[in-house]
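# Close look at the chain arrangement
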Amino acid sequence: MSATTNRLKSLPKLSALWAIIKVLSMPRPLVMLGEGSAQRLCRSMADQGITRVLVITDDVLAKLGTVDPLIAELKSHGVETTLFTGVRPDPTFEVVEAGLAACKAARANAILVVGGGSAIDAGKVIALAASTGKTPQQLVGVLKGRKPSLPFFVVTSTSGTGSEASVAAVISDSTTHIKSLLVDPAMVPRAAALDPLITQGMPASVTAETGVDALTHALEGWVSGFSNAETDGYNSTAVRMIFKHLETACNEPKNLAAREAMALASHYAGICLNITAVGYVHAIAHQLGANYGVPHGRANAMVLPHVLTFNKPNCLKKYALLARDLGFASAQQNDSAAADALISNVHELLSRLPLKNQGDLIKRSDYERIAHDALTEAHGMYSVPRYMVEADVYRMLDGVVAAAR
């Protein structure tokens, strides 16, 4: 099948998706930013008359004591809390069902998530299922809730997914590992705290991987066919902030200014996901996660340079505009040279970060399945600037494997 055929087959789905995006209300959470914002969020919850809260997190954050001050803050205002620590990376329907059962048992009238993208996605679905009476599986798809969510709040522990700003959640099947997409504006939290005191506990490797996830969101959104002036403004700002602050956040974990900047950059890129979505980097990276357990941000880092290069012929002007805006190229350089400068700077940034390359895990015998699943995910869902065929994915995987040697 040719790239032109893939594009033509995708157009009806993309047109329908664009129509949905145009009519959907895209709510945004109230954002509390800076040191102590997590505590302020808890006080705000109490001020809203919330009396029983299910606190959702993972075992690691629970053992580190990250959630303890927040639970204490809620309790000091008379709010009862129940702790659910069953979240795992790439949450499954089983995880969501266990959280939903905990929510019902606690008779919670609100949910507070303390965590990264996996915890936030699980919390979104738990909150919507709790209010609608539907099973998590019945919420798969677009606008299946049809009711407001249980009041839902987020304290981010990583700076990458931007999930606290998006209308979507991804939940995996525990057996097949196939990911299901749930889209509903009701899943956007009422408020989110971007508190650098919470994110400073991230190891350098996780800081790098989640930061690259945010960078990938911004770069793929920048060249999306659904981009507009507003998303371009947020995404270019996110890219600039990530280039300026990500290395510092990795090398100086207690640098709260860098941590706060990365949290905000991730949030800016997350806002745009509701319009622009992503592209082939995510489509291929998702398969590396499903097949080999490669963490999502790490997989993005492995794939990103190859997709940027593939897209270059169709993105010269936008690449060049961003390169000049970031100071990577001068006004005198032509668009091709400026685009090369952008790609080169991304390469160089990735090389300086503490990122593990797991390309050695990829098996040639899996190429066909990976290519099929990646293209199936992307086509009709992501408004990509240039269309791939299976052979393009094969060459990209060859490049990822070669880079790991």
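Residues numbered from 1 in each chain as written. Predicted model: local features only at pLDDT ≥ 70, side-chain atom pairs only at ≥ 80, totals over all residues. Heavy atoms only, no water.

## Brief notes about the overall build of the chain
- Across its full length, the chain holds 16 helices and nine strands.
- Computed over C-alpha atoms, the radius of gyration of the chain comes to 21 Å, within 12% of the 22 Å expected from 2.2 N^0.38 for 405 residues, which places it in the range of a compact globule.
- If you line up the chain on its principal axes, its C-alpha atoms span 60 × 45 × 40 Å.
- Out of the 405 residues belonging to the chain, those deemed buried represent 57%.
- Within the chain, counting contacts between residues at least 6 apart in sequence, those at least 24 apart form 77% of the total. (Helix = DSSP H or I, 4+ residues; strand = E, 2+ residues; numbered from the N terminus. Rg over C-alpha atoms; globule rule 2.2 N^0.38 Å. Buried < 20%, exposed > 50% of the residue type's maximum accessible area, 1.4 Å probe, protein only. Contact = heavy atoms within 4.5 Å.)

## Observations regarding the packing of helix α15 (residues 367-378) against helix α16 (residues 390-403)
- The interhelical angle for the contact between α15 and α16, taken along N-to-C directions, is 120 degrees, at an axis separation of 9 Å. Here α15 is positioned oblique relative to α16, judged by the angle of their axes. Where α15 crosses over α16, the two elements pack in a sense that is right-handed. Residues Y367, E368, I370, A371 and L375 of α15 pack against E390, V393, Y394, L397, D398 and V401 of α16.
- Looking at the contact of α15 with α16 residue by residue, the classes come out as eight nonpolar, no polar and three charged. (Axes fitted to C-alpha atoms, helices over the stretch in contact; angles between N-to-C directions. Parallel < 35°, antiparallel > 145°, perpendicular 65-115°, else oblique. Left-handed = near helix turned anticlockwise from the far one by under 90°. Nonpolar A, V, L, I, M, F, W, Y, C, P; charged D, E, K, R; others polar.)

## Some words on the pattern of salt bridges
- Within the structure shown, the criterion is met by 13 salt bridges.
- Among the ionic pairs, D59 bridges to R88, the shortest N-O distance being 3.4 Å. You can see D59 sitting in helix α3 (residues 59-64) and its partner R88 sitting in the loop between β3 (80-87) and α5 (93-106), a full 29 residues away along the chain.
- Under the relative-accessibility criterion, D59 is labelled partly exposed at 28%.
- Across the pair R369 and D366 runs a salt bridge whose closest N-O atoms are separated by 3.2 Å.
- For R369, a relative accessible area of 40% translates into the label partly exposed.
- Given the relative accessible area of 10%, D366 is considered buried.
- Put simply, K317, R324 and D335 are held in one network by salt bridges that share partners. (Salt bridge = Lys/Arg side-chain N within 4 Å of Asp/Glu carboxyl O.)

## Some remarks on the environment of G233
- Within the element layout of this structure, G233 appears in helix α9 (residues 229-251).
- Exposure remark for G233: the relative accessible area of 32% places this residue in the partly exposed category.
- Once the C-alpha coordinates of G233 and G162 are considered, the two residues, 71 residues apart in sequence, prove to be 16 Å apart.

## What to know about empty space enclosed by the protein
- In total, this model carries two cavities of 30 Å³ or more according to the counting rule given.
- Every element with two or more residues in the lining of the largest cavity is listed here: α8 (204-222), α11 (280-292) and α12 (296-311).
- Considering every element that reaches the lining of the largest cavity, the biggest residue donor is α12, with four residues.
- Of the volumes computed, that of the second largest cavity is approximately 40 Å³.
- As for the second largest cavity, its lining consists of S159, M202, T207, T210, A249, A258, R259 and M262.
- Those elements that place two or more of their residues in the lining of the second largest cavity are α8 and α10 (256-276). (1 Å grid on protein atoms, 1.4 Å probe; cavity = no way out; pocket = protein on both sides within 12 Å on 5 of 7 lines; lining within 4 Å. Points joined across faces, edges and corners; volume = space filled by probe spheres on them.)

## Side note on the UniProt feature "domain: Fe-containing alcohol dehydrogenase-like C-terminal" (unreviewed entry) in the chain
- Under the UniProt annotation, "domain: Fe-containing alcohol dehydrogenase-like C-terminal" (unreviewed entry) lies at residues 207-397.
- Along residues 207-397, the helical share is 72% and the strand share 0%, with 25 Å between the first and last C-alpha atoms. (UniProt positions renumbered as here; feature names shortened; annotations may be inferred.)

## So, the environment of A46
- Structurally, A46 is set in helix α2 (residues 37-47).
- Considered as a pair, A46 and D68 are 22 residues apart in the sequence and their alpha carbons are 17 Å apart.
- Excluding residues within four positions of it along the chain, A46 makes contact with H77 and V79.

## Here we look at helix α1 (residues 3-23)
- The end-to-end C-alpha separation of α1 is 30 Å, in line with the 30 Å expected for 21 residues at 1.5 Å each.
- Approximately 35 degrees is the largest bend angle found in α1, and it occurs at L11, with the proline P12 only one to four residues beyond.
- Within the span of α1, buried status applies to N6, S10, L14, L17 and I21.
- Looking at the buried side of α1, the elements it contacts are α10. (Expected span 1.5 Å × (residues − 1). Bend = angle between axes of the 7 residues up to and from the residue.)

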